[in-house]
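Here is how the chains run, residue by residue.
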Amino acid sequence: MRKRLRSTSVTTKQVNDFIRKVAPIAQAKASGRDKWSLPSVCIAQCCCESAYGTSPKMMRANAILGIKVGKSRVHFGTAWKDKAYSTQTKECYDGKTYVNITDMYRAYDNVEDAIEDYYDMLAACSRYRNCLNQTDAGNCITAIKNGGYATSPTYINTIMNIVNKYKLAQYDNVVTGKSGNITMSQDHNPYPEPIQTVRFGTTGNSARWVQWCLWRFGLLEKSGIDGVIGLKSVAAIKIAQSRLGLNNDGIVGEVTRKTFKSVFE
């Protein structure tokens, strides 16, 4: 693709809010694929390309991964609907000198489509084949960069610095089956905030996010963070809701989720 590294200063809150927004989407869109690439790398590239969601032009187009339209306007899947926008960027073709260019980039109806198109592109293009089903983030982004995604000679280091700084490997378990760098800290919920309602029978990291909150409330044992909302978790949710003055229905919808979250901010 090309180089779009930005020096825009962002706040810690902007960084954390952006990662909380894109992480569950990156996980959901990677999960269930036969040919997958790591969510940690996807999230880090979203952070880099869009300056943690602070690039107005890119965010208006939901173009957080900066994928070019391309001469053939190829469709890797169904996520891209032929929308596009023009913008300036920098390319480094000789490994040391940056030049300014103007090109056309894909625009999307929403962020979900942008991330889906990214995964579809990596799976469909043979030049990216070495990043597929790769469990090491460094090898994954090296294959993506060398496949032509970016021309910056520092792109691999930039992405890996983001992966390591924000412990993004914790989001890779949906494809690798490994726990990554997840630690049960008292201060930070290591799981992505749910984007759907969590109720009896919910599984995966959405369930773990809620169970971590319940553990911090003292209503669930640490061993109870098992990724399955069963009867014990539902009972604990009801108690937490009662204590916080919420409707104690045992379901974590938007109101309950935001209230749980506010307790630890």
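For the structure given in this document, a descriptive report is provided here. (Residues numbered from 1 in each chain as written. Predicted model: local features only at pLDDT ≥ 70, side-chain atom pairs only at ≥ 80, totals over all residues. Heavy atoms only, no water.)

Between helix H8 (residues 205-216) and helix H9 (residues 231-243), whose axes approach to 10 Å, the crossing angle comes to 60°. Comparing the axis directions of H8 and H9 gives the class oblique. Relative to H9, H8 is oriented so that their crossing is left-handed. In this structure, H8 uses Val 210, Gln 211 and Leu 214 to contact H9, whose residues at the interface are Ser 233, Ala 236, Ile 237 and Ala 240. Residues belonging to the contact of H8 with H9 are distributed by class as follows: five nonpolar, two polar and no charged. (Axes fitted to C-alpha atoms, helices over the stretch in contact; angles between N-to-C directions. Helix = DSSP H or I, 4+ residues; strand = E, 2+ residues; numbered from the N terminus. Parallel < 35°, antiparallel > 145°, perpendicular 65-115°, else oblique. Left-handed = near helix turned anticlockwise from the far one by under 90°. Contact = heavy atoms within 4.5 Å. Nonpolar A, V, L, I, M, F, W, Y, C, P; charged D, E, K, R; others polar.)

With that settled, consider the pattern of salt bridges. Inspection of every chain in the model, using the stated rule, returns 12 salt bridges. Between Arg 106 and Asp 117 there is a salt bridge, with its nearest N and O atoms 3.3 Å apart. Separated by 11 residues along the polypeptide, Arg 106 in strand S2 (residues 98-106) and Asp 117 in helix H4 (residues 111-124) bring together distant segments of the chain. One exposure class covers both Arg 106 and Asp 117, and it is buried. (Salt bridge = Lys/Arg side-chain N within 4 Å of Asp/Glu carboxyl O. Buried < 20%, exposed > 50% of the residue type's maximum accessible area, 1.4 Å probe, protein only.)

Here we take up the nonpolar core. If you look at the biggest cluster of nonpolar residues, it comprises 51 residues, and the most contacted ones within it are Val 41, Ile 43, Leu 65, Ile 115, Tyr 118, Ile 144 and Tyr 149. Elements represented by at least two residues in this core include exactly helix H1 (12-30), helix H2 (39-49), H4, helix H5 (137-149) and helix H6 (155-165). Of all the elements, H1 adds the most residues to this core, at eight residues. Judged by nonpolar contacts, the second largest core, of 19 residues, contains Trp 215, Leu 220, Ile 229 and Val 234. (Core = buried A, V, L, I, M, F, W, Y, C linked by side-chain atoms within 4.5 Å.)

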